[in-house]
Structure formats: structure tokens, C-alpha cells
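Breakdown of the fold
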Amino acid sequence: MSLAAVLAESVTRPVFQDIGWLGKTTFYVVSTLAILVFAWGWWRRAAKYRRGRPAGRAGVLRAGLFGRPFAGVRRREDRSSVAAVAANSSIIRRDRGTGIAHLLIFWGFLTAFMATVILTVDYDIVRHLSRLITGHEASFFHGPFFLVYTFVVDTMGVALLAGLVYMGVRRGLRRPGQLDYTRAEQPEGGYSRGRLVAGDWVFLGLLLGILVTAYLLTGLRVLSQDLPWFTVFSPFGRLVADGLAGLGMTPAAAASVHTVVWWVHAALALGFVAYIPFSKAMHILIDGVNLLAHDRSATRRLPAPAPQKAGYSEIGDFTWKELLDLDACTKCGRCHDVCPARTAGAPLSPRDLILDLRQWVDTSAGGITLLDRETRTDATGPLSPNGHSGIAGRVVSARTLWSCTTCMHCVEVCPVGIEHVPTIVQLRRRLVDEGTMDPTLQTALQNLATQGNSFGKSARMRARWTRELETPIKDARKEPVKYLWFVGDYASFDDRLKVNSQTLARILAQAGVDFGILYEDEWNAGNDVRRVGEEGLYEMLAEHNIEVMRNAQFEEIFTTDPHSLNTLRNEYPERGAAYKVWHYTELLAHLIESGAIPVRPLGYKVTYHDPCYLARYNGVVEAPRRILAALGCELVEMGRNRADTFCCGAGGGRIWMDDSFLTERPSENRIREAVQLDVDNFIVSCPKDVTMYGDAVKTTGHEDRLRVRDITLLVSEAMVGPVDPPGALVRATA
Amino acid sequence: MSNDVLVLAERVGKQITDSTYELLGKARELADAWGGRAEVALFGPSEGAEQLGGADAVICIDHPALSDYVPEAYETALLHVLTQRAPRLLLLSNATVGLDLGAALSVRWDAPLAAYAVDLAVDGDALVATTQILGGKILAEVELGGSRAIATVVGGSLPPMTPAGSAEVVTLAPPAELDSSRMSVLQVFEPSGGDVDITAADMLVSIGRGIGSQDNLELAEELAQALGAPVSASRPIIDAGWMPKTRQVGKSGLKVKPKAYLAFGISGAPEHLEGMRSAELIIACNTDAKAPIFDVAHYGTTVDLFDLMPALAEKVKG
Amino acid sequence: MRIVVLMKAVPDLVEEIELTPEGNDIDREFLKFVLNEWDDQALEEALLVKEASGGEVVAVGLAGDADIDQSLYTAVAKGADSAVKVIGEATQTHERAALLAAYLRENPADLVLTGVQAPDDLDGQLAPMLAAHLGLPHVSVVVAVAVGEGAVVVRQEFAGGRSQEVSVKTPAVIGVQAARQTPRYAPISRIRQVMQSGALPEVAVAAEASGSGLRVRRMYEPEKTSHAHMLTGSADEVAEKIIELIRARGLVKG
Ligand SMILES: Cc1cc2nc3c(=O)[nH]c(=O)nc-3n(C[C@H](O)[C@H](O)[C@H](O)COP(=O)(O)OP(=O)(O)OC[C@H]3O[C@@H](n4cnc5c(N)ncnc54)[C@H](O)[C@@H]3O)c2cc1C
Ligand code: SF4
Ligand code: SF4
């Protein structure tokens with residue numbers, strides 16, 4: 001045939017080849033049914049989300065859809081965008097292979113879906129409408145359009161196939177640990193996740209089945225039409241046809257088999273449509289929305305408790321986004337893999353937490369997942385009956401909830417924008433309200449309530465570490481200063497850290513920095529108190545600090561503690577205290593680079609541990625590295641660095657709780673990672689880290705191989721110029 | 001006004017308690033100073049009276065209601081003795097019995113009471129008690145005016161008296177009120193097995209990583225046994241699984257407040273100190289003279305624990 | 001069953017305690033006051049009794065106690081049915097006992113629980129003194145309370161791990177050493193809620209004057225060792241000295 005024929009628009013393919021009127025009718029009835037089931041399923045899900053509270057994400061959604069077209073495409077950002085969703089960047093970012101496979105499936109599937117939609121529009125709408133209006137049946141499904149369509153669908157189908165095969169091999173043969181569904185918390189009565197596994201395979205199998213039958217159909221049709229020339233536009237379909245012909249199939253045989261395969265294909269496809277809202281396949285629709293509604297800053301700046309409630313106890317307490325989060329999880333296991341609590345042998349896995357909550361919420365709202373659920377012989381955990389006794393402590397055990405260090409690694413790595421930490425804190429708020437907590441935590445909270453510090457020391461002792469300084473530190477309550485130094489509990493009260501604080505004071509004084517502290521009026525900033533779930537106490541601490549800061553005269557703040565930094569920087573502004581807040585490493589980096597602190601090279605071989613609250617929460621990763629570079633230290637990075645840093649285990653109030661049940665403390669895990677590097681200094685920039693890692697080098701027996709040192713001490717060691725002999729600025733303590 | 005001093009005897013089983021002898025020693029001293037008599041009240045079956053030589057008299061009351069320690073019955077009986085004998089001073093232990101009876105009798109016998117006394121002395125006409133308040137942070141010297149007084153004395157603060165000879169036994173008829181009782185003892189529990197409660201111990205032998213290995217734990221156990229004190233430990237020992245969690249002292253373990261805390265090979269990390277700094281007496285053994293444990297310890301030594309522990313054990317066993 | 005828990009504010013022992021210029025009392029002016037820890041135990045035990053056997057728990061403090069409101073509000077936040085302040089001031093237990101006895105005569109309780117002691121009750125403990133005023137039976141150093149028919153069964157503890165179970169006819173006064181469980185936590189937001197729900201009622205009572213009859217000559221801090229006194233010599237010599245030290249405290253015999 002010639003180009004003219006093409007242009008004459010005669011090339012096309014029959015839509016219902018050899019399907020009689022009975023077949024057609026059956027097909028339409030079944031399709032309608034499938035679509036109805038699909039719609040019902042989504043209606044049920046939507047009804048569930050509507051039970052959730054408002055999430056305040058309208059702005060985020062709007063920005064994701066229209067505002068910042070490329071947000072989150074190349075770099076992780078707080079928010080996502082349509083482009084980032086389309087590019088699958090959140091999946092590719094931490095696992096290129098799987099990400100690209102998913103991208104192929106994503107676009108392959110979308111193409112197949114669009115192809116079906118186009119066909120429907122042409123065949124069921126354009127055709128009927130034109131007949132009604134003009135009396136002639138019109139169609140655009142032929143000629144050049146048809147050829148382009150055929151070509152795109154055919155090649156994208158192969159992309160889809162490649163992606164699916166990759167995933168199948170990965171899941172079935174390579175079996176990476178993160179796809180192992182073994183629970184972190186082993187329920188007493190046992191459990192089975194066999195149906196979860198079955199759900200995965202059914203999902204993969206359905207897609208593959210639909211795809212394979214589609215190619216088979218093309219091949220059979222092409223063969224039955226005796227291989228017309230234009231079928232080169234579906235090269236892979238043609239390949240199948242050639243293959244079938246090679247196997248000795250005649251066009252007539254192909255035509256008869258075609259009908260059977262057509263029905264199989266139709267059944268699979270329609271079955272899949274109906275299956276979507278009741279299975280893992282729902283993520284196809286949910287996860288894009290979830291990503292667009294995702295706001296990473298919700299972890300940094302925790303949401304308030306539900307009005308009139310102390311933490312979550314029923315479905316209606318969740319926001320719709322949090323409910324959507326539960327359905328969005330694809331069990332990719334990335335969070336499970338990185339979670340320091342899980343790694344340490346705690347009963348918490350963020351994945352399990354989400355899955356348990358999903359199953360419980362689903363079941364309580366009417367039970368609408370088919371395969372993708374855990375089974376147990378007793379009604380515990382996610383199978384707990386829907387009652388009034390709450391979720392925290394029952395659906396998710398108290399121990400599990402208390403295991404979280406709020407390190408945010410789960411939120412960071414989750415490819416679908418799930419925000420685990422706010423949900424965990426909301427559930428903890430409930431535990432706090434019921435008083436279900438470690439006695440040591442209770443003591444810490446009581447100390448914080450009476451003395452403003454967790455040490456149980458008198459508030460008046462807070463600035464005691466300054467007594468040994470030659471030059472007293474200015475009292476920011478009494479005289480104006482440029483910087484307010486928010487010292488924090490650990491740097492103020494822990495005897496081991498006194499030296500660090502004194503050294504920092506000395507360095508800053510020598511560099512001519514104008515700074516002051518709040519003396520006994522500084523209270524714990526409340527970051528971890530808030531993450532423990534004691535919102536009332538957090539409010540009390542924050543209100544006090546804000547009141548004191550209002551009456552002090554300063555321009556900017558710097559903190560020693562990254563935890564304090566987080567709440568001061570991100571949460572205090574909501575309470576009317578918006579200041580510029582720096583971390584001392586940022587200040588030191590600036591002072592060294594501007595020449596205010598002259599340094600000589602030290603030549604150490606060091607590694608640096610990024611504190612979660614500094615690096616992951618607040619993106620401060622370069623300042624400490626700049627300091628180390630300026631000090632002429634060779635920095636050997638640990639595998640888990642910057643935003644992917646591994647938690648020391650102290651955050652979220654864990655430092656106040658018993659950790660003896662852990663098989664390996666996160667801090668010990670980290671030290672073991674560091675000793676592999678053959679460095680002599682383990683540099684930290686968080687006071688809690690000095691204690692946590694100082695302890696861990698001892699308990700792992702690496703005391704003589706690795707020195708845990710605050711970066712301040714390195715700076716002090718490297719300072720040149722009128723350096724006073726050590727101790728000269730320290731008054732004799734006779 | 002008499003110049004006698006009365007002590008209430010306490011018994012465990014048939015054995016007069018150490019605290020009774022401590023009180024008796026002081027009673028003897030004060031009575032001698034005043035030229036009065038040192039008397040002991042002994043309730044229930046009079047066995048034990050023979051152990052109270054050194055007192056001038058043992059005042060006995062026997063009645064079925066007094067066969068166990070029943071707070072109400074003891075109070076009735078003691079008030080009876082007080083009215084009968086009219087001593088100038090009543091000495092009680094500042095433990096359960098003294099806590100039950102002292103303050104009540106202060107009202108009912110109308111006498112001032114000095115609680116938490118660690119010492120008593122005669123100063124001219126006055127009786128002066130030194131008492132320990134606010135968790136031992138403050139000592140107060142108080143004068144007990146009037147013609148009668150009560151003091152409850154903290155165990156272990158006075159040297160016990162060694163009984164010698166025998167005392168006159170005076171038996172009083174039980175007061176009628178003993179027949180009508182609002183209180184009865186249902187059951188008595190003797191200390192049971194299970195793991196010891198280190199927070200309840202008077203003394204602790206506490207070990208840290210300086211102990212080196214699990215095998216060396218024996219040293220500590222031997223010493224502890226000799227001293228009749230349980231072994232406690234710093235966290236690394238518990239982490240290593242050498243001892244149960246119930247023995248851990250510190251921030252993430254238990255807070256203890258024993259009368260004596262003997263620390264061997266413990267550096268004194270703040271987390272550890274948090275759990276034991278309010279012990280009344282802290283003695284630390286650590287080869288590192290700069291170990292922070294010495295900042296809270298009352299007594300310290302840099303002798304090697306492997307030398308010191310056996311030496312101590314041997315000496316205690318005598 | 002009406003259970004009254006008597007609560008007292010005492011100096012926070014984490015603070016440095018200062019003395020008055022006369023040196024015969026502690027300087028209360030700048031001191032921080034907290035709830036007596038044993039009263040907290042008593043409250044917990046009262047709440048446990050209420051949970052097990054029903055009844056009404058009323059927390060009672062003296063209006064003159066510094067910072068007592070906080071403790072009373074906290075008690076309500078924890079589950080007490082109400083809290084009351086008795087008008088009056090007392091630095092000595094004798095005065096306190098007289099005031100509270102007057103209150104309890106007018107507002108009788110079936111069970112009165114309070115801490116077995118307070119760190120500053122120089123002139124004696126409240127529970128027995130109060131019981132003596134009211135003519136009620138009392139037991140101190142109690143670690144568990146259970147309610148029976150017209151009586152309570154309490155577990156009283158002695159040194160060395162011995163204890164006994166005593167049945168006491170109600171009304172009775174109990175000095176609590178420890179509750180069966182760690183005192184529960186009261187979330188700050190709930191305490192704040194209670195605070196917002198209104199001021200604490202105050203009751204005036206007619207109490208007869210009463211004093212302790214004690215005269216404080218002086219108060220002082222025990223000698224502090226900022227650094228341990230170092231024992232030197234051979235292991236044997238050091239062992240000898242250590243044994244002397246513990247023997248002086250009556251901890252080893254012989
Ligand atoms: C969040 C957190 C909570 C913690 N909670 C607790 C807690 O509850 N309790 C607790 O104890 N710790 C706790 N720790 C651990 C604490 O920081 C210390 O690591 C621990 O107390 C050290 O124990 P140690 O003194 O036995 O060991 P080390 O610090 O190693 O001290 C051993 C000492 O033994 C001395 N020594 C060695 N050989 C001899 C010898 N032959 N004779 C005499 N002396 C010798 C050494 O000089 C050294 O000072 C916690 C830590 C963290 C981070
Ligand atoms: S925040 Fe950290 S500890 Fe908590 S669940 Fe997530 S990864 Fe685990
Ligand atoms: S929560 Fe996110 S990271 Fe974790 S398993 Fe689910 S999809 Fe993966």
C-alpha cells in the first residue's frame with residue numbers, strides 16, 4: 001500500500017474483531033460492572049479520608065500543582081511537584097535501578113491506560129455522537145494518528161514489560177532485605193504476612209498478564225490479517241506475529257485463537273480495574289496525590305494536637321493526609337531499612353507502623369482490602385476491634401511508639417511522601433495523657449516541669465559552668481548583645497560537657513563576638529519534650545523562653561544543641577518568636593573564614609557525624625565540613641552522611657528512656673561504622689552526641705582507637721595567635 | 001519530775017534489735033548525767049529482758065494484744081508506762097515503731113518531740129538534740145524544753161551499748177484499754193527470696209567496669225556476703241549481662257540512698273552519680289586519682305580493687 | 001468512702017538551702033517549694049484505692065503553704081475528685097496537725113492518707129499526731145492499702161525487708177511510705193485545664209493553738225567534702241579504715 005492509502009486514512013484496526021453482538025453486550029455489561037466496583041471502592045476510600053480532620057494542605061497542593069513546577073525533581077525538597085511525580089524522582093533518588101524500573105512501569109502503564117481511554121473516546125463517544133449529529137459514524141482512529149498511536153503503545157509496552165520483569169526478578173530472585181516483611185515487633189500469638197506477599201505477586205502478575213495478552217492479541221491480529229505492511233508500526237506485535245507464524249500458525253488459526261485471548265485480556269484488564277481500590281494497586285492513584293500533599297516541614301514543625309484532644313485515639317482524630325499516608329505505603333521497606341530503632345532491635349519499624357494502622361483503619365471502616373493484609377489468630381495489633389480504648393498501646397504497642405528517636409530518616413527516604421513522625425507523636429501524646437511511659441522519662445518530665453531542665457538540678461545552677469571563666473559572659477537579660485547563645489541543658493548541666501561550653505565561650509570571646517546568655521532564665525527549649533508528646537509542658541517551656549527572650553536585647557540566636565535549634569528555628573515562630581537562629585558550627589565556620597579566628601592546620605584524619613536535627617531536619621551539613629577543611633583535617637565520610645546520617649539514638653526523648661532491651665544501641669552501630677574508616681577522631685557537633693558516642697566507644701571497646709570530640713575542641717586546638725595557655729582563662733578552682 | 005530515761009525495746013523474733021542497744025547506750029549516758037535511771041520498756045512475753053543488762057530496770061507488760069507489734073496496742077501500753085514511770089525522756093528508734101508512736105505520744109503525753117535525732121546531749125539544764133533534716137542537708141540543734149521529752153533517733157548514729165549484767169524486771173499490769181482494739185495483725189511476712197531490692201538496702205557493694213571480667217564478680221559477691229549487703233553495679237556490667245537490670249544504679253537504672261555505698265572500679269559518670277549521690281556515706285575505690293567519683297565520695301582510695309576487695313572480705317569475716 | 005489526702009509543700013531539695021541571718025531556721029523567702037514526695041505516694045495510693053473500691057478522693061493542703069496550689073491542681077488532674085485549702089499557716093507539724101484535725105472534725109473522712117514523713121518535720125510526723133488529736137487509729141510506713149468492711153487492711157514495712165498486714169477499723173489515719181506503683185504522671189495540659197476551671201475553695205477552721213515545745217538553737221550545714229578524703233596505705237590498711245567507717249555507722253557487727 002502506498003502513502004496515499006495512509007493519507008486516505010484507511011489504515012486502522014477493528015476494535016471488536018470477531019466479537020459478536022452478544023460478546024459486545026457482555027463486554028459492556030462487565031465493563032460497567034468493573035467500573036462500578038472501582039467507583040464503589042474509591043467512594044469507600046474517599047469516605048474514609050473524609051472522616052479525617054482538615055490537614056491544612058490546600059496551599060501545599062496548590063503549590064505542587066501550579067506553583068513550583070520543578071520542585072523536588074533534582075533535589076529533595078520539602079514539597080513535591082507534578083514534575084517530580086512524573087519523573088519518579090523520589091523513587092530514583094535512593095535506588096536508581098528500582099526507580100528507573102518503576103519509571104518504565106509508570107509511563108508504560110500510563111500509556112496503556114491512555115491508549116484505552118483514546119480508544120474508548122473514539123469508539124464509544126465520537127462514533128455515537130457523530131452518528132447522532134451527522135448521521136455518519138466518524139472516527140479518528142485510523143491513518144497517521146493510528147500509526148503513531150500503534151507505535152507508541154507498542155514500544156511503551158516493552159518499557160512496561162522491562163520494568164515489570166526487573167521488579168519480578170528483584171522481588172523473586174534478588175530478594176533485598178528491605179522486601180522481607182518480617183515484623184520488627186513479634187506478636188505473642190504469631191502472625192502471617194503471607195497474604196501481603198500474595199498481594200504483591202497478584203499485582204505484578206495481573207499487570208504482566210494484561211501486557212502479555214495484549215502483545216499476543218496484536219500478534220494474533222497481525223497474523224490473522226496476513227501481516228499488512230503498516231504493522232511495522234507495532235514492531236513488537238509484529239515480532240510476536242512473526243514468531244507465531246514461525247511456529248506454524250496460520251492466519252485462520254490466529255483469527256480463532258484471537259477471540260479467546262481477547263476475552264482473557266478483557267477479563268484481566270477489567271478485573272484489574274475492579275481490583276485497584278482493594279489492593280496494593282491503589283497506590284497508583286493515591287501516591288501522586290500523597291506526594292503532592294506532602295510537606296516535609298510538618299515533621300520539623302509538628303502539628304498541634306487535635307482540638308480538645310490529647311493525642312489520637314480514633315480514626316476521626318487523624319487528618320485526611322495522615323489517613324491517605326496509610327494507604328499510600330507500597331511496602332518498599334526503605335524506612336524499615338534505615339530506621340535506627342528497628343536496626344537496634346526495637347519493636348518499631350515505620351513500615352509496620354503504617355501497615356498496622358492502615359489495616360486497622362481499613363478494617364474499622366468496613367474492611368476493604370482483599371489480599372494485602374496481615375493475618376493473626378488473635379484480635380491483636382492491627383486486628384484489634386474498633387473500640388474506645390484507643391489506638392496507642394493497642395493497635396500499636398506503647399513500647400513500639402516509645403522506640404522512635406524521631407530521627408526523621410523514614411520521612412526522608414519514603415518515596416511516597418508519608419509523614420510517619422507526626423503520626424507517631426500524635427499517638428505518643430495519647431500515651432502521655434494516659435501516663436503510659438518509662439519511669440525515667442516521667443522523672444525527666446517532672447524535672448522539666450519544676451526546674452526547666454531534665455537533670456533535676458536547680459535552675460539556678462544552669463550557668464554554673466561559666467563561673468570558671470575569666471571573662472564573665474554577658475547577661476542578655478540585662479545588656480544588649482548581638483547574639484543570644486541558647487546553650488541548652490546538656491551543654492549547661494552535664495559535667496563532661498562543661499569543657500566544651502567553656503571552650504566555645506573562650507573562642508567566641510577571643511574572636512570578639514558580642515554574645516550573651518539568659519542564665520537561669522533559659523529553660524529547656526522543649527524540642528524533645530514536644531516529640532515525647534508532652535505538649536502542655538512544651539507550651540509551658542516555650543512560653544517561658546519566649547517571654548524571657550522578649551525582655552532580652554539581642555539580634556540573632558545561636559544554639560549549641562541542634563534539637564533546640566530545630567524548635568527555636570521552626571516552631572517558636574508560630575508562637576510569635578521569629579528570630580534568625582544559627583548553629584554554633586555555622587557561626588564558627590563564618591568566623592574562621594572571615595579571619596576572625598586564625599587557625600593552623602591540624603592534619604588529623606577524622607570522620608564527622610551529622611546530627612539528625614542539624615543535617616536531616618535543618619540542612620546544616622556544609623558548615624561543619626567547612627570548618628574541618630579550614631582546620632586542615634582530612635575528612636573521611638561514613639557511608640551514612642548528611643541527610644542520610646544515622647541517628648545516635650538519643651532523640652525524641654529516647655535519652656530519657658531505658659535502652660537496655662536493645663540488641664545494639666544505635667550509637668554503637670554508628671561507632672562500628674566509623675572504626676571501619678581507620679580515622680582517629682570522631683567529630684561531633686551536638687552535646688548529646690558527645691555523651692552518646694563517648695559512651696559507645698567505651699562499650700564497643702574502641703576507646704583507644706577513636707576519640708570522640710566536639711568540633712569546638714578542634715577549633716580551639718587549631719587557634720593561632722595570642723593563644724593563652726590552656727587553663728589561663730580558667731580561674732584556679734582552689 | 002524524774003530524771004529517768006525510758007527506751008522502748010524492739011525485737012525481731014526473740015532478738016533485741018541493734019537500735020535498741022544504741023538507744024540504751026544514750027539512755028545510760030543521759031541518765032548518768034542527770035542522776036536518774038535508764039529503763040527499758042519491753043512488751044509482750046518478757047523473754048529478752050535478760051538481754052537488757054545495762055539498763056537499771058526493764059518494765060514489762062504482757063497481754064495477748066502485745067504478742068505482735070500492733071501500733072495501737074503498743075501506743076496504749078507505752079503511754080501507760082509513761083504515766084506510771086514519768087521519765088524525763090523517751091527514746092525511740094526513728095524507724096517504723098518510732099514513726100508510729102513518737103509523734104502520737106508527743107500529743108497524748110504532751111511532750112515535745114525531736115525527730116531524726118542523730119545525737120542528744122545535756123547542756124546545763126537543757127536537753128539538746130541534734131537532728132538531721134531536709135534529707136541530711138541541714139543539721140538542727142534543738143532544745144527540748146519542759147519536764148518531759150521524746151526523741152526518735154536515726155539508726156546507726158549512736159554507738160550501741162554492750163549489755164552487761166542483768167536488770168531489775170518490773171512487771172506492770174496491762175491497762176484495760178488493751179482489751180478493746182481497733183487493730184489486729186493478720187499476717188507477718190519475712191523477707192523473701194527473689195532478687196534483692198537494692199533501693200531498700202542499707203549498704204551496697206557496687207562494682208563498675210574496673211572489675212574487668214565476669215569471673216571477677218566472685219570477689220564482689222564474696223565481699224558483699226561478708227558485709228551482708230547486696231551487689232549493685234554501673235550500667236556496663238548490666239549491659240554485659242553479668243548482672244540483672246534490677247541491680248543497675250543510675251539514670252537509667254535505680255536511684256539508691258543507702259547508708260553506705262562502696263564503689264569499686266566505677267568512674268563516676270554523671271548518669272551513674274545521679275543514682276547514688278545521696279547515699280549517706282560513699283567510699284570509692286578507683287586506681288585513677290582523677291576519677292570523678294571522688295568528687296562525690298566522702299572517702300576514697302586509689303588502691304587496686306583486686307587487692308582491696310579480698311582484704312576487706314577477710315577483715316570483715318575476721 | 002471519703003478519702004482525704006493531706007498534702008504539704010516542702011523545700012525542693014535540689015535547691016541550695018540557705019539559712020536565715022539568725023541561723024536558726026531555713027530561709028524560705030527564695031526557696032522553691034514542691035510537694036512532699038511521700039504525700040505524692042499517699043495520693044497515688046488513694047487513687048489506687050478509689051479505682052479498686054470506689055470512693056471520693058479529696059486533696060487537702062494548707063493555704064499558707066508556698067506553692068501548694070500547684071500540687072493540689074495536680075492532684076485533681078491525676079484523678080482526685082476535689083481539692084481544698086484549709087486557711088492557716090504552719091511551719092511545725094504540731095500546728096499543722098491542729099489545723100487539719102479541726103478541718104477533719106468538721107469534715108470527717110473515712111480514711112486519711114498522708115506521707116509517712118516530710119523532710120522538714122523536725123517536731124514529728126503528721127499522721128500519728130493528727131490521729132492522736134482525733135482519737136483515731138493510725139499506722140505508719142505503709143506500702144499498700146486495701147478497703148474491707150468497716151476496716152482497711154494495710155501493709156506496714158519494717159527494716160530488713162520484714163512487713164506485716166494489719167487490719168485497721170475506719171476511720172483511720174495512714175502514713176504512706178510508698179504506693180503500690182510509681183505515682184502517675186499528670187500531663188501539664190490537664191493541670192492547666194484544671195487550673196482554668198476555677199480557684200481552689202478555701203475553708204476556715206477553728207483550731208486551738210498548739211506548739212511543738214521545741215526551740216531551735218541553730219541550724220547548720222553538715223561539713224561538706226567537695227572531694228573525697230583519701231585513704232592511703234596498703235590494701236590491708238585501707239581495708240581496716242574502711243571497716244572502721246562502716247562499723248561506726250552500725251553497719252557491720254563485731
Ligand atoms: C543515656 C545514658 C544513660 C546512662 N545510664 C546509666 C546508668 O543508669 N547507670 C550507669 O552506671 N551508667 C549509665 N550510663 C553510662 C555512663 O555514661 C558510663 O558509661 C558508665 O556509668 C561507666 O561505668 P563505669 O564507671 O563502670 O565504667 P568506666 O567509666 O569505664 O570506669 C571504670 C573505672 O574503673 C577504674 N578501674 C579500672 N581498673 C581498676 C582497678 N583494678 N581497681 C580500681 N579501679 C579500677 C578505672 O580507673 C575507671 O575509672 C548511661 C549513659 C547514657 C549515655
Ligand atoms: S523517625 Fe527514625 S526512629 Fe522514628 S520511625 Fe522514623 S526512622 Fe525510625
Ligand atoms: S512508609 Fe514509605 S518508605 Fe516505608 S515502606 Fe511504606 S512506602 Fe516505603
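Because the structure is predicted, anything quoted here is derived from the model rather than measured.

Looking now at the interface of chain B and chain C. Of the residues lining the interface, 76 residues belong to chain B; the matching set on chain C comes to 79 residues. Taking both sides of the interface into account, the surface hidden between chain B and chain C amounts to around 6,600 Å²; carbon and sulfur atoms contribute 61%. Between the two partners, chain B and chain C, sit seven salt bridges. C:R217 is the salt-bridge partner of B:D123, the closest N and O atoms lying 2.7 Å from each other.

Another point: the sheet that holds strand 9 (residues 707-710) of chain A. Residues and elements named next belong to chain A. Reading across from one edge, 7-6-8-9 is the order of the four strands in this open sheet, with parallel pairing throughout. Where the open sheet ends on each side, the last strands, each with one partner, are strand 7 (634-635) and strand 9. The strands that helix 28 (residues 622-630) touches are strand 6 (605-608), strand 7 and strand 8 (681-684); relative to strand 6, the one it contacts most, it runs at about 175°. Helix-sheet contacts for helix 30 (residues 687-699) involve strand 8 and strand 9, and the interaxial angle to strand 9 is about 175°.

The next point concerns the packing of aromatic side chains. Under the counting rule described, the total for this entry stands at 33 aromatic pairs over all chains. Geometrically, the ring pair formed by B:Y69 and C:F158 is edge-to-face, given 5.8 Å between the ring centres and 85° between the ring planes. On the criterion of chain membership, the pair formed by B:Y69 in the loop between strand 5 (57-61) and helix 2 (71-85) and C:F158 in the loop between strand 8 (151-157) and strand 9 (163-169) is interchain, its members lying in two chains. Here B:Y69 matches C:F158 in class, with each residue buried. What links up through ring pairs into an aromatic cluster is the set A:F140, A:F141, A:F145, A:F146, A:Y149, A:W229, A:F230 and A:F233. A cation over a ring is seen here: A:R640 above A:F646, with NZ or CZ 3.9 Å from the ring centre.

Another aspect to go through is helix 22 (residues 498-510) of chain A. The end-to-end C-alpha distance of helix 22 of chain A, which contains 13 residues, comes to 18 Å, matching closely the 18 Å that a straight helix rising 1.5 Å per residue would cover. For helix 22 of chain A, the full list of buried residues reads A:N500, A:S501, A:Q502, A:T503, A:L504, A:A505, A:I507 and A:L508.

Once that is clear, we can look at the domain arrangement of chain B. What the domain assignment lists for chain B is domain 1 (5-180) and domain 2 (198-317). Look at where the C-alpha atoms of domain 1 of chain B and domain 2 of chain B centre, and you get two points 36 Å apart.

A few words now on the sheet that holds strand 16 (residues 282-285) of chain B. Judged by pairing direction, the sheet is parallel, and its six strands sit side by side in the order 14(B)-13(B)-15(B)-16(B)-17(B)-13(C) without closing on themselves. A strand with exactly one partner marks an edge of an open sheet, and here the two such strands are strand 14 (231-233) of chain B together with strand 13 (229-230) of chain C. Bridge analysis of strand 13 (residues 203-207) of chain B against strand 15 (residues 260-264) of chain B gives five bridges, and the strand direction is parallel. By the bridge assignment for strand 15 of chain B, B:I207 is matched with B:F264.

The subject of this paragraph is the site of ligand 2. Residues in contact with ligand 2, as listed here, are A:C339, A:P340, A:L348, A:P350, A:C404, A:T405, A:T406, A:C407, A:M408, A:C410, A:V421 and A:I424. For the shell around ligand 2, a count of residues per class yields ten nonpolar, two polar and no charged.

Attention now goes to the site of ligand 1. Surrounding ligand 1, one finds 29 residues, the nearest of these being A:D695, B:S234, B:S252, B:S267 and B:N286. Between A:D695 and ligand 1, the recorded distance is 2.7 Å, taken from a side-chain N or O atom to an oxygen atom. Notes on ligand 1: free accessible area 980 Å², of which the protein chains cover 88%. The set of elements that each furnish at least two residues to the shell around ligand 1 consists of helix 30 of chain A together with helix 5 (235-239), helix 6 (270-276) and helix 8 (305-317) of chain B. No other element matches the three residues that helix 30 of chain A contributes to the shell around ligand 1. Broken down by class, the residue content of the shell around ligand 1 amounts to eight nonpolar, twelve polar and nine charged.

What follows covers the nonpolar core. Within the largest apolar cluster, 286 residues are counted, with the highest numbers of intra-cluster contacts made by A:W485, A:M549, B:F43, B:L78 and B:L91. In this structure B:L78 touches B:L6, B:L8, B:A41, B:F43, B:L90, B:L92, B:L101 and B:L105, once residues within four positions along its chain are discounted. Core analysis: the next-biggest nonpolar cluster, separate from the first, contains 39 residues, B:A224, B:A229, B:I238 and B:L281 among them.

Residue and element names in this part refer to chain C. With respect to burial, strand 10 (residues 172-176) is a largely interior element, five of its five residues being buried. The pairing of strand 6 (residues 111-115) with strand 10 spans five bridges and is classified as parallel. When the bridges of strand 10 are listed, G115 appears paired with V176. As paired elements, strand 7 (residues 138-147) and strand 10 share three bridges and run parallel to each other. Across the sheet, V142 pairs through a bridge with V176, a residue of strand 10.

Once that is clear, we can look at the domain arrangement of chain A. Residue and element names in this part refer to chain A. As assigned here, chain A comprises domain 1 (3-12 + 58-176 + 199-288), domain 2 (296-434) and domain 3 (441-718). Computed over C-alpha atoms, the centres of domain 2 and domain 3 are 30 Å apart. When domain 2 packs against domain 3, the two sides together hide about 2,500 Å² of surface, and 57% of this comes from carbon and sulfur. Looking at the side of domain 2 facing domain 3, the largest losses of area belong to R300, A344 and W402, adding up to 22% of the total buried there. Notably, a salt bridge pairs E535 with R429, separated by 3.0 Å at the nearest N-O pair.

What follows deals with helix 13 (residues 320-328) of chain A. Residue and element names in this part refer to chain A. Across the nine residues of helix 13, eight count as buried, placing the element largely inside the fold. Within the sequence span of helix 13, burial applies to K321, E322, L323, L324, D325, L326, D327 and A328. On its buried side, helix 13 packs onto helix 2 (21-50), helix 11 (283-293), helix 16 (350-364) and helix 19 (420-434).

The subject of this paragraph is the interface of chain C and chain A. In this assembly, 16 residues from chain C lie in contact with 22 residues from chain A. Roughly 1,500 Å² is buried in total at the junction of chain C and chain A, and carbon and sulfur atoms are behind 44% of that figure. Counting the surface chain C buries against chain A, the share from its top three residues, C:Y185, C:I188 and C:R192, is 41%. Linking chain C with chain A are five salt bridges. When the shortest N-O distance is used, the salt bridge between A:E539 and C:R192 registers 3.7 Å. Connecting chain C to chain A are eleven residue pairs in polar contact (both at pLDDT 80 or more). When residues in the side of chain C that touches chain A are grouped by element, the largest group, four residues, is from helix 5 (residues 188-196) of chain C. Looking at side-chain class alone, the side of chain C that touches chain A contains eight nonpolar, one polar and seven charged residues.

The next point concerns empty space enclosed by the protein. Residue and element names in this part refer to chain A. Summed over the entire model, instances satisfying the criterion amount to 15 cavities of 30 Å³ or more. One number sums up the size of the largest cavity: a volume of about 120 Å³. In terms of lining residues, the largest cavity is bounded by 14 residues, among which R76, S80, S90, R93 and L291 are the most central. A class-by-class count of the residues in the lining of the largest cavity yields five nonpolar, five polar and four charged. Counting the residues that make up the lining of the largest cavity, at least three belong to each of domain 1 (3-12 + 58-176 + 199-288) and domain 2 (296-434).

Cut-offs used in this document
Residues numbered from 1 in each chain as written. Chains lettered and ligands numbered in written order. Predicted model: local features only at pLDDT ≥ 70, side-chain atom pairs only at ≥ 80, totals over all residues. Heavy atoms only, no water. Contact = heavy atoms within 4.5 Å. Buried area = accessible area lost by both parts, 1.4 Å probe. Salt bridge = Lys/Arg side-chain N within 4 Å of Asp/Glu carboxyl O. Pairing = 2+ DSSP bridges. Helix = DSSP H or I, 4+ residues; strand = E, 2+ residues; numbered from the N terminus. Axes fitted to C-alpha atoms, helices over the stretch in contact; angles between N-to-C directions. Phe/Tyr/Trp six-rings, centres within 6.5 Å; stacked < 30°, edge-to-face > 60°. Buried < 20%, exposed > 50% of the residue type's maximum accessible area, 1.4 Å probe, protein only. Lys NZ or Arg CZ within 6 Å of the ring centre and 35° of its normal. Expected span 1.5 Å × (residues − 1). Domains from an automatic or database assignment. Near = heavy atom within 4 Å. Nonpolar A, V, L, I, M, F, W, Y, C, P; charged D, E, K, R; others polar. Polar contact = N/O pair within 3.5 Å; in protein donor to acceptor, adjacent residues only side chain to side chain. Areas by Shrake-Rupley, 256 points an atom, 1.4 Å probe, with all protein chains shown as cover. Core = buried A, V, L, I, M, F, W, Y, C linked by side-chain atoms within 4.5 Å. 1 Å grid on protein atoms, 1.4 Å probe; cavity = no way out; pocket = protein on both sides within 12 Å on 5 of 7 lines; lining within 4 Å. Points joined across faces, edges and corners; volume = space filled by probe spheres on them.

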